[in-house]
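# Observations on the three-dimensional arrangement
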Amino acid sequence: MSNSQKALEYVRSNRERYLNELKEFAAIPSISTLSENKGDMQRAAEWVAAQLRSIGMDKVQIMPTALHPVVYGEWMGAGKSAPTVMIYGHYDVQPVDPIELWESDPFKAEVRGEYLFARGTSDMKGQVVASIKAVEAIMKNDGKLPVNIKWLVEGEEEIGSEHLGDFIKTNKKLLAADYCLNPDAGMIGSDKPTITTGLRGLAYFELRVFGPNKDLHSGLFGGTIHNPAQALIELVAGMHDKNGKITLPGFYDKVRKVSKKEHEDFKRLPVKDKDLIKMTGVPALWGEPQFLPAERTGARPTLEINGLLSGFTGQGSKTVLPAWAMAKISCRLVPDQTPEETEKQMRAYLKKNAPKTIKWELTNLHNAGAALTETDSAGVQALAKALETVWGKRPYFKREGGSIGSVVLLQKYVGADSLLTGFGLPDDNAHSPNEHLHLPTWYKGIEAFTHFFYNF
């Protein structure tokens, strides 16, 4: 029996223990956004550190940040010629509100059928434990790993990884790696192994339009004073043409084209137009007609209105001409766009199109870069082969429409592309009451990670 086969047998014979340890981890209410759970955050970090020590990792330490600590560990015994894989995870979870909608205690994991119910089981304590147990299986049976390993397990992902950037910049030499295995992305379905190869960036703005110095009587002043709410709506409406194309000057100049191979990967994805309509409840889809829906949400940039506010919005009527109006606007960006250039394009649009009857003010609230990993890279191919071995089918490759802060930070400061996968499913209720993990998929995931390390 080969070493890899021995490791896989070890995984299969220890499933019950793995489940019990995940239950133990899930019992820690490590809610990063609540100050009253700060002690629990420390306990969760200590739990992860103890696990890493128990499987033979070196230099395991709990490293402070300005808020919640990062757990680091390494095993560099494969030698300088071997690749180094960083494993990313986070031990923090979302709040459990509304608690009355939970069918069981959110911090007392309960198995019901094929599912384990508790906060964090899917996002992402289950994924952290899967990574640890795959490495454990190899270490316990082989005494060594085929690659070098580093661990980066943070405690602030659910609150935007606010201090992770400073941590990575400060420790970029310590964190140097060839690839980062990040199992925080999930699968399309339990029978659909998935690798996410791209994430969009973000430029988030608040646009305020000002007219009179106070709210006015709309009967006395309407028709002679330009209503800021109307001016804002006209500006916002003009940011797209009738086909959904964004009209900011130069917005598409640096948008990287989708290759023929990647277009075929998008066509292969199992989510079709009718699925999106059923999922969202809309009467029909919208957007650039020359692109597939999956390309529009993964490989094309967008501009969305996230909120509007102006004037009287209470019950009943009040005939007011508002003094100001506000819109929250987000632009999802793709390689090779940057948030800085997008802000310049937004300002250029406003300077050209804003009428002289109002004043405007644009505030940049949040930025994130886009990330892309080539599907023919050694890391993606090793992971794809591992998933295909376990699931018996070629994995789906997709680009995700959202952003993950750690991916861009590691690419920028450490030079490590992220291999995004995971074994959470779309209906796991992550961030919602009754969060759960599909255990058969999770067990397969541990085996897939075991194959992944040997594939390198």
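Overview of the structure. Since this is a predicted model, take the numbers as computed values, not measurements.

A cluster of nonpolar side chains, namely Leu220, Phe221 and Ile225, defines an oily patch on the protein surface of about 280 Å² accessible area. Summarising the element assignment, Phe221 is placed in helix α6 (residues 218–221). For Phe221, a relative accessible area of 34% corresponds to the partly exposed category.

Before going further, it helps to spend a moment on the sheet that holds strand β9 (residues 201–210). In a beta sheet, neighbouring strands pair by backbone hydrogen bonds and run either parallel or antiparallel. Spatial strand order, β11-β13-β9-β14: four strands in an open sheet with antiparallel pairing. Either end of the sheet is taken by a strand with one partner, and the two such strands are β11 (302–310) and β14 (359–368). Geometrically, the sheet is characterised by an average inter-axis angle of 15° between neighbouring strands, direction not taken into account. Bridge count for β11 against strand β13 (residues 324–333) is eight bridges, and the pairing is antiparallel.

Once that is clear, we can look at the pairing of β9. The buried count for β9 comes to seven of 10 residues, which makes it a mostly enclosed element. By the bridge criterion, 10 bridges tie β9 to β13 in an arrangement that is antiparallel. In the strand pairing of β13, Phe210 is matched with Trp324. Bridge count between β9 and β14: nine bridges; the pairing is antiparallel. Within β14, the position partnered with Ala203 by the bridge is Asn367.

On to the side chain of Asn434, then. Mapped onto the elements, Asn434 comes out in the loop between β17 (417–420) and β18 (436–438). By relative accessible area, which is 12% here, Asn434 ends up buried. A polar contact of 2.7 Å, which involves the side chain of Asn434, links it to the backbone nitrogen of Glu103. Apart from residues no more than four positions distant in its own chain, Asn434 is found in contact with Leu101, Trp102, Glu103, Ser104, Phe117, Asp428 and Asn429.

One finds Met57, Trp442 and Phe453 to be the most contacted residues of the largest nonpolar core, which totals 67 residues. When residues of this core are assigned to their parent elements, the largest contribution, 10 residues, is made by helix α4 (residues 121–142). Setting aside its immediate chain neighbours within four residues, Trp442 contacts Tyr18, Leu19, Leu22, Gly126, Val129, Ala130 and Leu437. Of all hydrophobic cores here, the second largest spans 28 residues; its members include Leu232, Ile246, Cys331 and Ile358.

The next point concerns the pairing of strand β8 (residues 194–199). Buried residues dominate β8, accounting for six of its six residues. Here β8 runs beside strand β16 (residues 396–400); their pairing, made up of five bridges, is parallel. Residue Gly198 lies in a different strand from β16, and its bridge partner there is Arg399. Inspection of the sheet shows β8 paired to strand β15 (residues 371–372) by two bridges, in the antiparallel sense. Note on β15: the bridge partner recorded for Gly198 is Leu372.

Empty space within the second largest pocket amounts to approximately 150 Å³. Per-element tally for the lining of the second largest pocket: the top contributor is helix α8 (residues 260–268), with three residues. Residues that form the lining of the second largest pocket fall into these classes: two nonpolar, four polar and seven charged.

Here we come to empty space enclosed by the protein. For the structure shown, the criterion picks out two cavities of 30 Å³ or more. The computed volume of the largest cavity comes to approximately 40 Å³. Surrounding the largest cavity, Thr197, Glu262, Asp265, Phe266, Thr375, Phe397, Lys398 and Arg399 form its lining. Looking at side-chain class alone, the lining of the largest cavity contains two nonpolar, two polar and four charged residues. Empty space within the second largest cavity amounts to approximately 40 Å³. The wall of the second largest cavity is formed by Thr65, His68, Val70, Glu154, Gly155, Glu156, His163 and Leu164. Partitioning the lining of the second largest cavity into residue classes produces two nonpolar, four polar and two charged.

So, how was this worked out
Residues numbered from 1 in each chain as written. Predicted model: local features only at pLDDT ≥ 70, side-chain atom pairs only at ≥ 80, totals over all residues. Heavy atoms only, no water. Patch = residues over 30% accessible without salt bridge, like charges linked within 9 Å, V, L, I, M, F, W, Y side chains within 5 Å. Areas by Shrake-Rupley, 256 points an atom, 1.4 Å probe, with all protein chains shown as cover. Salt bridge = Lys/Arg side-chain N within 4 Å of Asp/Glu carboxyl O. Helix = DSSP H or I, 4+ residues; strand = E, 2+ residues; numbered from the N terminus. Buried < 20%, exposed > 50% of the residue type's maximum accessible area, 1.4 Å probe, protein only. Pairing = 2+ DSSP bridges. Axes fitted to C-alpha atoms, helices over the stretch in contact; angles between N-to-C directions. Polar contact = N/O pair within 3.5 Å; in protein donor to acceptor, adjacent residues only side chain to side chain. Contact = heavy atoms within 4.5 Å. Core = buried A, V, L, I, M, F, W, Y, C linked by side-chain atoms within 4.5 Å. 1 Å grid on protein atoms, 1.4 Å probe; cavity = no way out; pocket = protein on both sides within 12 Å on 5 of 7 lines; lining within 4 Å. Points joined across faces, edges and corners; volume = space filled by probe spheres on them. Nonpolar A, V, L, I, M, F, W, Y, C, P; charged D, E, K, R; others polar.

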